[in-house]
Amino acid sequence: MNIAKIDLNLLVYLDVLLREGSVTKAANHLSITQPAMSNGLKRLRDVFKDPLLVRTSDGMTPTKRAAELQPVIRDVLAKLESAIQPETEFSPLSSTRTFRIMASDYAESTLLLEVIRRLSQLAPNITLDLITPSDVTFHDVEQGRVDMAINRFEELPLSFHQKVIWYDTFSCVVNSSNPIVKQFDLHNYLASRHIWVSKTGFGVGVGIDPTEVQKLGWVDAELTKLGKKRDICVFTRHYHVALQLAKAQNLVATLPSKAANLYKSDPQVEILEPPFDIPPIALKMAWSALLQHDAGHIWLRRLITDIGAQLS
């Protein structure tokens, strides 16, 4: 295929079509007519010798070939957009920019508190808009409407850039007067009642079914390997709620160590090592290829990365 014979505008068409999943929406996004977009899709099909988008009961669904092309084309266009834009420097002290960050309760409590403190010194006029995972979708981040997402992700779209902020182990938090403190072994752990706390991914959450162990996460997955199951009486998405419940009642909260250590100076709390192995988890930062070369975004990513390394 001779690239000189290809209308490169078609790559823009394909990028928007794959993001919108609709000829009509893509046409509106590019401010062209629907027939023009339909003609563009026809030409794209000729170029790639593939249907690219197929109508199904779920709407226009990308083919395998289209799914493979999407991150490649997004990356190419992002680099091109960066190359043709005038290069500007970012001045943290004078910037009045607002950064929107999707963050889990875990990331807010452990990482972003220090980020906010540091920003007050280095960039006092910058505003952070912190959004919960249930408020946004992958699409919002991909479109650049949300600057970045900081969470523990099971998987991310291939088009996203990502970086591990840190790896964290697990700890158990109990009331210091809880009898389990005297002999914290697997038998007594399983005999106790527990608080489950977690929130990963994007989008509106749904209720937890306690019988679906495979969906309960890292702690319960490891217990399942041992042929064991804990008695969970409270499900929450907020780490401070779990910590307060463990402190106030004879309940066990098993959660990432950096969250548990928020209460390490509290005399009413004991932080104990789990009586079984739980693999470490990764806190990741993810962002759109559209923002990869943005000077302000680069500055904030470096700041967050540096703070994460200092807190590790």
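Placed above this text is the structure.
Residues numbered from 1 in each chain as written. Predicted model: local features only at pLDDT ≥ 70, side-chain atom pairs only at ≥ 80, totals over all residues. Heavy atoms only, no water.

**Q** Looking at this model, I keep getting lost on the sheet that holds strand β9 (residues 231-236). Mind explaining?
**A** Sheet strands pair via backbone hydrogen bonds, and the direction of the pair is either parallel or antiparallel. Ordered in space as β9-β8-β10-β7-β11, the five strands form an open sheet in which the pairing is mixed. For this open sheet the edge positions go to β9 and β11 (269-272), each flanked by a neighbour on one side alone. Adjacent strand axes in the sheet meet at a mean angle of 30 degrees, parallel and antiparallel pairs treated alike. By the bridge criterion, three bridges tie strand β8 (residues 193-197) to strand β10 (residues 251-256) in an arrangement that is parallel. Looking at the pairing, Arg193 lines up with Leu251 of β10. In the packing of helix α9 (residues 239-248) onto the sheet, contacts are made with β7 (170-175), β8, β9, β10 and β11, and the angle to β10 comes to roughly 145 degrees. (Pairing = 2+ DSSP bridges. Helix = DSSP H or I, 4+ residues; strand = E, 2+ residues; numbered from the N terminus. Axes fitted to C-alpha atoms, helices over the stretch in contact; angles between N-to-C directions. Contact = heavy atoms within 4.5 Å.)

**Q** Is there a simple way to think about the packing of helix α2 (residues 23-30) against helix α3 (residues 34-48) in this case?
**A** Geometrically, a packed helix pair is captured by the angle between its two axes and the distance between the axes. Running from N to C, α2 and α3 point in directions that differ by 110 degrees, and their axes come no closer than 9 Å. It follows that α2 is roughly perpendicular to α3 by the angle criterion. Between α2 and α3 lies a crossing whose hand is right-handed. Residues Val23, Thr24, Ala26, Ala27 and Leu30 of α2 touch α3, and the partners they reach there are Gln34, Met37, Ser38 and Leu41. Partitioned by chemical class, the residues of the contact of α2 with α3 number six nonpolar, three polar and no charged. (Parallel < 35°, antiparallel > 145°, perpendicular 65-115°, else oblique. Left-handed = near helix turned anticlockwise from the far one by under 90°. Nonpolar A, V, L, I, M, F, W, Y, C, P; charged D, E, K, R; others polar.)

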